Every structure is written in structure tokens, then in C-alpha cells.
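# Working through the structure, step by step
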Amino acid sequence: MCIAVPTKLIKVDGNTGWVNIGGCELRVRLDLVDAPGVGEYVLVHAGFAIHKIDEDQAEAALRLLKGKA
Amino acid sequence: MKHMTEFRQPDLSRALMEAIKRSCHKPLRIMEVCGSHTMAIFRHGLKSLLPPQIELISGPGCPVCVTAPQEIEQAISIAAQPGVIMTSFGDMLKVPGTSGSLAELRAQGADVRLVYSPLDALALAQERPQQKVVFYGIGFETTAPTIAATILAAKHAGVDNFSVLSAHKLIPPAMEALLDDAEVRLDGFLCPGHVSVIIGAQAYEFVSSTYHKPAVIAGFEPVDILDSILRLVKQHEAGQARVEIQYQRAVTQEGNIKAQQLMQEVFEVTDAAWRGLGLIPGSGLKIRPKWAKYDARSYWDIAIPPIPEPKGCICGQVLRGVNKPPECKLFGSACTPESPVGPCMVSSEGSCAAYYKYQGNLL
Ligand code: SF4
């Protein structure tokens, strides 16, 4: 139940953002994260963004993994 | 986001699986605490591909499964009160209490609704000012801040017919209880990714410092899970015990401070009864007296004494990783997802439901 989906913010208006999940535009609250901008990826859980995904970190982790495996 | 699909790459998964096989010599019992990890492990058939020395045990991280039967009865009693609209997340409606489930109560005419977010329940309260809308809040640290933010939003909007029946629980005290349980015998933890987004890696320090076991915070794609298992294997083989973050794109050492502060503002820590694990000190969240107006228990203080497990159901043992679902006599016969006896078969994240759905992957 602690599922959180990474999605891209397509619009931001104050405390509210809009994301596109599976073709549906959904409203998410941004109370729990520090002002994310349009185009950033957030983890969405129960109608709230709970984290801003660190894309550089993800890329770096993948590079490291590919070297290791 | 390009890298999302890369965490599913079959080549990378295969290479990690080979690395696990090469590195693993000693037997290793790993508990995946989170129900979403259980689902991902089954969906990708990882159990059957791992070397036989590695045993993956499902833990208590399915909120529906660990909700104590008396709490479900309490929700049912409140839902039956006149003028109440009871709302909750999907699976919770189907869990049988002693007098039926919330879904059955709805069939008898009570107003019980499924919501996707606590905000939907708040919106409903605004639409229906004559009724009392109760959100039956279950879940762990991932969900609790969203409930806290919703209570703040209710105050901000001046809504006073909205309340929360809080059955929120905290993961680290449950892990501690499992480590203290001589029957469980674990060598390491695959820590829940999205709980850790909120509480951070620091919350698991006790696992390494006090219990000298490794803990790795894992993401949910196959590459994430295999990389995390490899990290656990390496630590175990080398006799090390550290907390590692594998899910680095989402988890930090300190977690989401904003969410932690909101949680602190609205909730205080309390003892909580877990199905299967019993009463665990400091493992639950109750609404602070300051926010009593939004606490369903301050309107309806319906105390229900502890209720035993349904006859024959060994969910309690399954949640502690002591028994596997097929060891239950009712599994697949009297108890199926269509007609579940215990919550571990109701919830799509429950171990019994996962074993039932993916039995083929185990053979
Ligand atoms: S199979 Fe059904 S009855 Fe048996 S432990 Fe699982 S939920 Fe309980």
C-alpha cells in the first residue's frame, strides 16, 4: 500500500501540481516537498507528492551498477 | 524518464543474479518488510531464480494485514452510526471482522466509500456538510504525513464534519520486535523504500548498531531488488552490518523533514496492537489532543476488546515469517482471494494473496 509512482509534473500552481498518470491528468498536493518545478519528477502517494526524484543520482547509480555487474 | 526502464533491464538483472550466485556461500535469511516488495519479488519470479541458500521471508509491511481485528470492528461500529460516511482505501473494505466487513455493511445500506486519497474524503465532507465523513486511516510512515496534511487542510478550509480514525503504524519498532523474537531468526532486512523516503536511512541504525545485522533500503524494480540482495549477501559474507541505501534516487539519510514535521505536529507516538505481532510499545500514531476535533475517537469512543484470529487462520505466523502461506490448512481451499478468511489473503499485497496468485512462479 506504500506504493508511490514516479511522475513528471506538467503544471504547478502554488500548493497544487498536475501530473499525467497513464493518460489521466491528476491533481497532486505539493505540501510535503520543497517547491518542485514543471518538468521535475516526483513520487506520488495518496494524492501527495512525497519526494522529488534525483535524476542525476539515478543516472550515476545505473552507471555504477553497469560497471559492477 | 529514461532511467526508469533501465532499472528493469533483463541483462542487468541477469548479471546481478550471477553476481549473487558467485558471492553467496553462507545460508542467508532475508526479510522483505514491505508488501510492495513481496509483490515485486513474486511478479518478477525472483524467488525461484535465487540460489537455494537465500531465503526470502515476507514481513509485516502490509498495512491491511497487520490491522488488529478489534480495530476493524471499531471502524464497522462507527460506520453503522447514523449520519456517518465511512471512507478508506480499497482493500480495507473487504477485510472480514467478526460481524462482517465494511463492504458487507455497505450492502446492508451503510454509506461506506472507497477513496484514493484522504483529500477525496475531505472533499466529500465539504460536499455533504450535514453528514460526518470519517476517513479510516491505515498505513505506515509513507501515508501518515498525507493524513496530517489533510487534517491541516481541513482546518484551513474550516471543515468540521471531517475526522480520521487513525490506525497508523510505525515500521522500525515492528522490525525491532521481530529481531527480539527468537522464533523469527533473521540475517538481514530489505528495508521498505517508500517508508524510508519519509523516515530516512537513519531510522534503521539500531539494526546494525544494536543487532549487528545488515539492512539495505531497496527500490521496487527488479534491478533494485537484486542489487539490494547482492549488497546484503556481500555484507553477510564479510560479517559486516551496515545500513545501505540502494534506492538512492528517492531515499536520503535524514528523510523528508517537512513530512516528518507535519507528522509530529498532528500525531503522537502510542503503543499499538499488530495482528500477529501483538502489542508493540511506541509503534502507533494517535492524533494529538490539540487536533481532537478531527479525531473520530473523540466522537465515538467505542472500545472493543481484543478479538482472536479467524478459526484456522495463521496470518499471525505468516506476518512474522514463521510459517509460509501454503502451510496454512485453509490456503487455497477454504481461503482464496474470492472468499478470504484472513487479511493476508484479502490485501493484494498480503503474502497469502501473493503465494496464491503466483503459485506457478514457485515451481
Ligand atoms: S491462507 Fe487464509 S486463512 Fe490461511 S493464513 Fe492466509 S489468510 Fe489466513
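Residues numbered from 1 in each chain as written. Chains lettered and ligands numbered in written order. Predicted model: local features only at pLDDT ≥ 70, side-chain atom pairs only at ≥ 80, totals over all residues. Heavy atoms only, no water.

## What to know about the interface of chain A and chain B
Of the residues lining the interface, 32 residues belong to chain A; the matching set on chain B comes to 42 residues. Our count for the contact surface shared by chain A and chain B stands at 1 salt bridge. A:Asp34 serves as the salt-bridge partner of B:Lys258, at 3.5 Å between the closest nitrogen and oxygen. Across the chain A-chain B interface, the total number found is 7 residue pairs in polar contact (both at pLDDT 80 or more). For the side of chain A that touches chain B, the elements supplying multiple residues, two or more each, are strand 3 (24-29), strand 4 (41-45), strand 5 (48-52) and helix 1 (55-68) of chain A. (Contact = heavy atoms within 4.5 Å. Salt bridge = Lys/Arg side-chain N within 4 Å of Asp/Glu carboxyl O. Polar contact = N/O pair within 3.5 Å; in protein donor to acceptor, adjacent residues only side chain to side chain. Helix = DSSP H or I, 4+ residues; strand = E, 2+ residues; numbered from the N terminus.)

## Here we look at the state of the cysteines
Here a disulfide denotes a covalent bond joining the sulfur atom of one cysteine to the sulfur atom of another. Residue and element names in this part refer to chain B. Applying the stated criterion across every chain yields a total of 1 disulfide over all chains. One disulfide in the model links Cys62 with Cys65; its S-S distance is 2.3 Å. Across the disulfide from Cys62 to Cys65, rotation about the S-S bond amounts to roughly 70°, and the bridge is consequently right-handed. Note on Cys65: relative accessible area 1%, which makes it buried. (Disulfide = S-S within 2.5 Å. Buried < 20%, exposed > 50% of the residue type's maximum accessible area, 1.4 Å probe, protein only.)

## Re the packing of helix 8 (residues 118-127) of chain B against helix 9 (residues 144-156) of chain B
All names here are of chain B. Running from N to C, helix 8 and helix 9 point in directions that differ by 20°, and their axes come no closer than 9 Å. Taken as axis vectors, helix 8 and helix 9 run roughly parallel relative to one another. Note that helix 8 runs across helix 9; the crossing there is right-handed. When helix 8 is examined against helix 9, the residues Pro118, Leu119 and Leu122 are found in contact with a partner set consisting of Thr146, Ile147, Thr150, Ala153 and Ala154. Among the residues making up the contact of helix 8 with helix 9, the classes are represented as 6 nonpolar, 2 polar and no charged. (Axes fitted to C-alpha atoms, helices over the stretch in contact; angles between N-to-C directions. Parallel < 35°, antiparallel > 145°, perpendicular 65-115°, else oblique. Left-handed = near helix turned anticlockwise from the far one by under 90°. Nonpolar A, V, L, I, M, F, W, Y, C, P; charged D, E, K, R; others polar.)

## Describing the environment of B:Pro118
Here B:Pro118 is to be found in helix 8. Overall, the relative accessible area of 1% leaves B:Pro118 in the buried class. Taking the C-alpha atoms as reference points, B:Pro118 and B:Phe89, separated by 29 residues in sequence, lie 8.7 Å from one another. Once you skip the residues sitting within four places of it in the chain, B:Pro118 turns out to touch A:Ala46, A:Phe48, B:Phe89, B:Phe135, B:Thr146, B:Ile147, B:Thr150 and B:Phe162.

## Details of the site of the ligand
For the ligand, the full set of nearby residues is B:Cys313, B:Ile314, B:Cys315, B:Cys328, B:Leu330, B:Phe331, B:Cys335, B:Val341, B:Gly342, B:Met345 and B:Cys352. Taken together, the residues of the shell around the ligand sort by class into 10 nonpolar, 1 polar and no charged. (Near = heavy atom within 4 Å.)

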